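# Results of the structural survey
The primary structure of each chain is shown beneath.
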Amino acid sequence: MCTFCLPMRITTIKDIAEELGVHHSTVSRALAGNSRISEATRTKVLEVAERLGYRSHPLLSALGSYRRNATPGEGSTTIAYITNWPGGKASGYNWGQGEYFPAAAEQAERMGYRLQEFSLTLNDMTPGRLSQLLQARGVPGVIIQDSPYTRSEDLEGFDFNAFACAVIGYSFKASDLPRVVHSPFASIQTALKKIADRGFRRPVLLLDAWQDERVDHQWHDGFIPECQRLGMSGHFLLLRQREDLKGQVDEILDQYQPDLVITYANNDILKAVDAYYQKSDDATPPFALLNMGSTPDHPYGINQHLDVVGRKAVDVVVSQLLRRERGRLHEPVVIQVVGTWKGA
């Protein structure tokens, strides 16, 4: 066999121990930064480890971390899924929860954990009380789930530093906690490319104002430049009041005469658009795109992959647990999941 084809031998902790004439447990503790090991011994261990080319195996390190930090009781393998829907609505209450929670629960189980939902709107629950409850149960990680009702002040008093944390969505503003989100910016650009290929040139993106504001104006920032790049005369319009919705939609369609109306998870707007084009037998209705994904009667749209968002949130929490990390971060981390086109 060729010498160059021989597998390279991996340096182990026992090799370092033999070189120094100490027990391998001493080397292990020194590499882990155990305070019981003197600084002089730790320095010698690190010097020999570097000289011998020692590298820790990531999977074994993760396993060791789990064994060191696991505590007795069911809570130690529980990840809390914190919601803030009025009346303590269950995780399937709104369209996002129908995808976030089941996928997150499945991913947690796959990784040896259990996802349990806790509501901030039931039984006079407060953030401080919930934090104490979770710590008393030994729960090591939390996921704050997105809802339009979740504000930063709604979690004031919650001790994030006691947990490995992740936030789903945009409503709860906390830049020092890892966040997993769908990317409206990328999704609207993907949609525009697809509809341009189909010959549409005068799209209107019609949203309630809060829908753009809560995602830091990503619908606007993706729509306008992409329309310009594709040579479309697109218009971005926001509805700032719910009164006389049909009248507002009629006025917009009269003024802009779009060949395509795009909206986002808003059945009221879609009904108003349908009603407008049903007034005349000669009118050709535009193509209505729901950015939340396709519907049975309209099989086109953007799949936001909210199930992926849920799974990634669990991944973020578990990775922190394996690294023995807790609490707020020094640098903001945002993971964006990009939507894909659904339909022919």
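Values in this document were obtained by computation on a predicted structure and should not be read as measured data.

### Looking at the packing of aromatic side chains
All chains considered together, the criterion is met by seven aromatic pairs. Measuring from centroid to centroid gives 4.9 Å for W219 and Y264, while their planes differ by 45 degrees, and the two rings are tilted. Residue W219 is located in helix α9 (residues 218-229), and its partner Y264 is located in the loop between β8 (260-263) and α11 (267-277); the two are separated by 45 residues in the primary sequence. Where Y276 meets Y277, the ring centres are 4.9 Å apart and the plane angle is 80 degrees; that geometry is what we call edge-to-face. Each residue in the set F158, F160, F163 and F172 is aromatic and connected to the rest through ring pairs, giving one cluster.

### Examining the nonpolar core
Counting 22 residues, the largest nonpolar core has I79, L115 and I143 as the members making the most contacts within it. Where this core is concerned, the elements lending two or more residues are β1 (78-83), α5 (97-110), β4 (164-168) and α12 (306-322). With eight residues, the single largest contributor to this core is α12. In this structure I79 touches Y113, R114, L115, Q116, G141, V142, I143, V314, V317 and V318, once residues within four positions along its chain are discounted. Ranked by size, the runner-up nonpolar core spans 21 residues in total, among them F200, M232, L260 and I262.

### As for the sheet that holds strand β2 (residues 114-119)
Spatially, β2-β1-β3-β4-β5-β11 is the arrangement adopted by the six strands of the open sheet, whose pairing is parallel. The open sheet has two edge strands, β2 and β11 (334-337), and neither has a second partner. Within this sheet the neighbouring strands show an average axis-to-axis angle of 20 degrees, counted without direction. As defined by bridge partners, β1 adjoins β2 across six bridges and the pair is classed as parallel. Across the sheet, residue Y81 finds its bridge partner in β2, namely E117. On top of the sheet, α12 reaches β1, β3 (141-144), β4, β5 (179-182) and β11; it is set at about 165 degrees to β4, its chief contact.

### Thoughts on the packing of helix α10 (residues 245-256) against α11
Following both chains from N to C, one finds α10 and α11 inclined at 60 degrees, their axes separated by 9 Å at the closest point. Between α10 and α11, the angle is such that the two are oblique. Seen from above, α10 lies across α11 with right-handed handedness. Taking contact as the criterion, the partners of L245, K246, V249, D250, L253 and D254 in α10 are, on α11, D268, I269, A272, V273, A275, Y276 and Y277. Here the residues of the contact of α10 with α11 are counted per class, giving nine nonpolar, no polar and four charged.

### What about the confidence of the model for the chain?
Do not read the fine detail of predicted coordinates wherever pLDDT is low. Of the residues in the chain, 82% reach a pLDDT of 70 or more, and the chain-wide mean stands at 82. Averaged pLDDT values for the elements of the chain fall to 52 in helix α4 (residues 58-69) and rise to 96 in α9.

### Concerning the pattern of salt bridges
All chains considered together, the criterion is met by 10 salt bridges. With its nearest N and O atoms 3.1 Å apart, the salt bridge here joins K193 to E226. Here K193, found in helix α7 (residues 184-197), pairs with E226, found in helix α9; they are 33 residues apart in sequence, far enough to count as distant. Residue class for K193 comes out partly exposed when judged on its relative accessible area of 35%. A salt bridge links E226 to R229; its shortest N-O distance comes to 2.8 Å. Taken together, the residues span about one helical turn, with E226 and R229 both in helix α9 at a distance of three residues.

Scoring rules and cut-offs
Residues numbered from 1 in each chain as written. Predicted model: local features only at pLDDT ≥ 70, side-chain atom pairs only at ≥ 80, totals over all residues. Heavy atoms only, no water. Phe/Tyr/Trp six-rings, centres within 6.5 Å; stacked < 30°, edge-to-face > 60°. Helix = DSSP H or I, 4+ residues; strand = E, 2+ residues; numbered from the N terminus. Core = buried A, V, L, I, M, F, W, Y, C linked by side-chain atoms within 4.5 Å. Buried < 20%, exposed > 50% of the residue type's maximum accessible area, 1.4 Å probe, protein only. Contact = heavy atoms within 4.5 Å. Pairing = 2+ DSSP bridges. Axes fitted to C-alpha atoms, helices over the stretch in contact; angles between N-to-C directions. Parallel < 35°, antiparallel > 145°, perpendicular 65-115°, else oblique. Left-handed = near helix turned anticlockwise from the far one by under 90°. Nonpolar A, V, L, I, M, F, W, Y, C, P; charged D, E, K, R; others polar. pLDDT = per-residue confidence, 0-100. Salt bridge = Lys/Arg side-chain N within 4 Å of Asp/Glu carboxyl O.

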